[in-house]
Amino acid sequence: MQVYLVGGAVRDPLLGLPPGDRDFVVVGSTPQAMLDAGYKPVGRDFPVFLHPETGEEYALARTERKSGRGYRGFVVDADPSVTLEDDLQRRDFTINAIAREVRDDGTCGDIVDPLHGVADLEQRVLRHVGPAFIEDPLRVLRAARFMARLAPLGFNLAPETLALMRQMSAMGELADLTPERVWQELRRAVASAKPSAFLRTLHDAGALAVVLPEVDALYGVPQRAEYHPEIDTGVHVEMVCDMAAQLAPADDVIGFAALTHDLGKACTPAHVLPKHIGHEQAGLMPLRDVCDRLKVPTAHRQLAMAVCREHLNVHRFDELRATTVHDLIQRCDGFRNPGRIAQLALACEADKRGRLGLEDAPYPPREGLLRAFDAARSVRADLLPHEGLQGPKVGEALRRARIDAIAQATGKKP
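**Notes on the overall build of the protein**
For the protein, the count of helices and strands is 19 helices and eleven strands. With respect to the principal axes defined by its C-alpha atoms, the protein has extents near 85 × 55 × 35 Å. For the protein, the proportion of its 414 residues judged to be buried stands at 50%. Taking the intrachain contacts of the protein between residues at least 6 apart in sequence as the baseline, contacts between residues at least 24 apart amount to 66%. Working note: accessible area of the protein is about 18,900 Å², and carbon and sulfur atoms make up 51% of it.

**What to know about helix 16 (residues 322-331)**
Taken residue by residue, helix 16 has Ala-322, Val-325, His-326, Leu-328 and Ile-329 as its buried positions. Down the axis of helix 16, the smallest arc covering the buried residues is 160°, so these residues share one side. If you follow the buried residues of helix 16, they end up packed against helix 15 (298-315), helix 17 (339-353), helix 18 (364-377) and helix 19 (392-410). Just downstream of helix 16 lies Asp-333, where phi reads positive at about 60°.

**Remarks on the sheet that holds strand 3 (residues 40-41)**
Pairing is mixed in the open sheet, where seven strands are placed in the order 3-4-5-2-1-8-9. Every interior strand has two partners, whereas the edge strands, strand 3 and strand 9 (108-112), have only one. Pairing between strand 1 (residues 2-6) and strand 2 (residues 23-27): five bridges, direction antiparallel. The partner of Val-3 across the bridge, within strand 2, is Val-26.

**As for the nonpolar core**
Within the largest apolar cluster, 105 residues are counted, with the highest numbers of intra-cluster contacts made by Leu-186, Leu-199, Leu-202, Leu-212, Phe-256, Leu-259 and Leu-369. Looking at this core, the element that brings in the most residues is helix 5 (residues 138-150), giving nine residues. Dropping the residues within four chain positions of it, Leu-186 is found in contact with Phe-198, Leu-212, Phe-256, Leu-259 and Leu-294. If you look at the next biggest cluster of nonpolar residues, it comprises twelve residues, including Tyr-4, Val-6, Ala-61 and Leu-88.

**A word on the packing of aromatic side chains**
As enumerated under the stated definition, the model contains six aromatic pairs in all. Ring geometry for Phe-24 and Tyr-58: centres 4.4 Å apart, planes at 10°, overall stacked. Taken as a pair, Phe-24 in strand 2 and Tyr-58 in strand 5 (residues 57-60) lie far apart in primary sequence, 34 residues in all. Since its relative accessible area comes to 4%, Phe-24 is described here as buried. Taken together, a centroid distance of 5.6 Å and an interplanar angle of 55° make the contact between Phe-93 and Phe-133 tilted.

**Here's the deal with the side chain of Asp-351**
If you trace the backbone, Asp-351 turns up in helix 17. Within the structure, the side chain of Asp-351 is placed 3.0 Å from the side chain of His-261, a separation counted as a polar contact. Look past the residues within four positions of Asp-351 in its chain and what remains in contact with it is His-236, Val-240, His-261, His-311 and His-315.

**Points about the pairing of strand 8 (residues 99-102)**
Note that strand 1 and strand 8 share four bridges and pair antiparallel. Each bridged residue has a counterpart across the sheet, and for Leu-5 the counterpart in strand 8 is Arg-100. Turn length for the strand 8-strand 9 hairpin, with the two strands adjacent in sequence and antiparallel, is five residues, and the turn residue Gly-106 shows positive phi of about 95°.

**What about the pattern of salt bridges?**
Evaluated as defined, the whole model comprises 28 salt bridges. Two residues, Arg-91 and Asp-87, come together in a salt bridge whose shortest N-O distance is 2.8 Å. Of the two residues, Arg-91 and Asp-87, both sit in the buried class. In this structure, the salt-bridge partner of Arg-400 is Glu-396, at a minimum N-O distance of 3.8 Å. Of this pair, Arg-400 and Glu-396 are both found in helix 19, four residues apart, which corresponds to roughly one turn of the helix.

Rules of the game
Residues numbered from 1 in each chain as written. Predicted model: local features only at pLDDT ≥ 70, side-chain atom pairs only at ≥ 80, totals over all residues. Heavy atoms only, no water. Helix = DSSP H or I, 4+ residues; strand = E, 2+ residues; numbered from the N terminus. Buried < 20%, exposed > 50% of the residue type's maximum accessible area, 1.4 Å probe, protein only. Contact = heavy atoms within 4.5 Å. Areas by Shrake-Rupley, 256 points an atom, 1.4 Å probe, with all protein chains shown as cover. Arc of directions from axis to C-beta. Pairing = 2+ DSSP bridges. Core = buried A, V, L, I, M, F, W, Y, C linked by side-chain atoms within 4.5 Å. Phe/Tyr/Trp six-rings, centres within 6.5 Å; stacked < 30°, edge-to-face > 60°. Polar contact = N/O pair within 3.5 Å; in protein donor to acceptor, adjacent residues only side chain to side chain. Salt bridge = Lys/Arg side-chain N within 4 Å of Asp/Glu carboxyl O.

Structural data, given as structure tokens:
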């Protein structure tokens, strides 16, 4: 048998990036031979094993044949006669179809690159391997997510790959993707260096309307130029997501809030445009729809709802009274979940700076809100005078004390 290193552990060092987890392909072996050598089976749909000492994944070389709709509709063949080239041919992109021989002493030998992935790395092109790409709808999302990661390095999507993705979207196969798989790709995309590339790729491929119709509906919706020089709401959301990635790298909770903060603008009646009166409240229903459909985790949902509902209030922090600031913090459950206020402030900064020409603008409301919150949080209920106070009156006394603390820290009127 012969072992090869494959995937990101080969690709990323060629891009000058640190390698991630190592994955291996084993050619010329059988499941029984792997078991006899002490490997532990973990694959459900195809033979994958864990190394008895390192715990790294070793998969038998295999081919796949389409047998039904969706990304699970495949018949797998892991016969010992399957070659490395056969295995690489089934992969999604040429840059992921590069292998390196692993010698008996564990060192890596020559690169094996039958599909010219190294050339595509050098030319900064994300290109599908072959016509079998069309058989797996998940690859449309993977292409977009790879663009979110690789676009900062100068990568572009091959035109023929985009054309194939458009064909897949038109065929309706993306409807077979499970909510869990869509969410898995989405959360990784919003935590990438350039989430806008994920959105733009899916939008250009006609796929965003299938997997995230609430976001796709924002493209082409105009905004007031004096507040949004970029005009198009879809472009604004792209910019906000990129700014969130800059302010909070790899944070998918803030990234999801940035993505969904303006969903209400797609609900604005045409005769009101380009104004968006009450879009914060209007956005809560489509946001719930997204969260319910994709089974979004609670932490992501709660922050996204807070940002959608409150972002304009945070923007006008200087105009708010101390009472209003206190109630905003309480609505966001900030006293029980202190980290949420910092997340809220940061997502709102991303919204304000995610606009054409405002990328480097200061955002005083973030510092102001955090200062107010720190002051309110410093008030301890157990140190308040409780003489004659019972039940709800204790809570009201705590509220008044927190409001006074906010007023003193910010100079606001109660």
